[in-house]
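If you want the building blocks of each chain, they are given just below.
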Amino acid sequence: MYSECSLHIDGVLEGNIVAKTNVAIGKTGNVDGSIDAEHLVISGKLMGNCTCNTVEILPQGRIDGNVVAKELIIEKGGEFVGQSVVHKNNEYDRNKTDLKAPKSIPLNQKIEEGIVSK
């Protein structure tokens, strides 16, 4: 979904959102997809990644995914599960930022290299 105006979501949305301005996920809102917006405010749930200038997770809000932002605000009671990159001096380049899952090592390799703790 592409939007040139502000969005407020109180229902269920599956898919990606690209918005030029603000996106708000209300208390009953549930988004399964990525969001690229100027400002994101979450009172509901986001299952996916977001790239925004400002991300706010309000007391009942939850993000399960990665966040790339200039500013990340998590209020008491808000939940965030994932990785975040918050850029200092309000400078970032979406094309150069790369969030990846931590590298996993197979268990048999851990044992061979003596990594596993007993």
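Residues numbered from 1 in each chain as written. Predicted model: local features only at pLDDT ≥ 70, side-chain atom pairs only at ≥ 80, totals over all residues. Heavy atoms only, no water.

## Considering the pattern of salt bridges
Right, on to step 1. Using the criterion set out here, one finds two salt bridges in the structure.
Right, on to step 2. Put simply, Arg-62 and Asp-64 hold a salt bridge, and the shortest N to O gap is 2.8 Å.
Right, on to step 3. Here Arg-62 falls in the partly exposed class, since its relative accessible area comes to 25%.
Right, on to step 4. In this structure, a network of salt bridges that share partners links the residues Arg-62, Asp-64 and Glu-79. (Salt bridge = Lys/Arg side-chain N within 4 Å of Asp/Glu carboxyl O. Buried < 20%, exposed > 50% of the residue type's maximum accessible area, 1.4 Å probe, protein only.)

## Quick notes on the state of the cysteines
Right, on to step 1. Taken as a whole and judged by the stated rule, the model has zero disulfides.
Right, on to step 2. For Cys-50, which is in no disulfide, the shortest distance to another cysteine sulfur is to Cys-52 and amounts to 4.7 Å.
Right, on to step 3. Take Cys-50: its relative accessible area is 1%, and that puts it in the buried class. (Disulfide = S-S within 2.5 Å.)

## Some words on the pairing of strand β7 (residues 35–42)
Right, on to step 1. Bridge count between strand β4 (residues 17–19) and β7: two bridges; the pairing is parallel. Looking at β7, one finds that Val-18 is bridged to Asp-36.
Right, on to step 2. Sheet topology places strand β5 (residues 22–25) next to β7; four bridges connect them, and they run parallel. Note that in β7 the partner of Ile-25 across the bridge is Ile-42.
Right, on to step 3. Bridge count between β7 and strand β9 (residues 50–57): seven bridges; the pairing is parallel. Looking at β9, one finds that Ile-35 is bridged to Cys-50. (Pairing = 2+ DSSP bridges. Helix = DSSP H or I, 4+ residues; strand = E, 2+ residues; numbered from the N terminus.)

## Some words on the nonpolar core
Right, on to step 1. Val-23, Ile-35, Leu-40, Leu-46, Cys-50 and Val-55 are the most contacted members of the largest nonpolar core, which has 19 residues in total.
Right, on to step 2. Once residues lying within four places of it in the same chain are set aside, the contact partners of Val-23 are Leu-7, Ile-9, Ile-17, Ile-35, Ala-37, His-39, Leu-40 and Val-41. (Core = buried A, V, L, I, M, F, W, Y, C linked by side-chain atoms within 4.5 Å. Contact = heavy atoms within 4.5 Å.)

## Thoughts on the environment of Cys-5
Right, on to step 1. Note on placement: Cys-5 falls in the loop between β1 (2–3) and β2 (7–9).
Right, on to step 2. Classification of Cys-5 as partly exposed rests on a relative accessible area of 48%.
Right, on to step 3. For the pair formed by Cys-5 and Ala-19, sequence separation is 14 residues and the distance between their alpha carbons is 7.0 Å.
Right, on to step 4. The residues touching Cys-5, leaving out its near neighbours within four places in the chain, are Thr-21 and Asn-22.

## A word on the environment of Leu-46
Right, on to step 1. Examined against the element boundaries, Leu-46 turns out to sit in strand β8 (residues 45–47).
Right, on to step 2. Separated by 17 residues in sequence, Leu-46 and Ile-63 place their C-alpha atoms 4.8 Å apart.
Right, on to step 3. When residues no more than four places from it in sequence are discounted, the contact partners of Leu-46 are Ile-25, Val-31, Gly-33, Ile-35, Leu-40, Arg-62, Ile-63 and Asp-64.

Geometric values such as these leave the question of function open.
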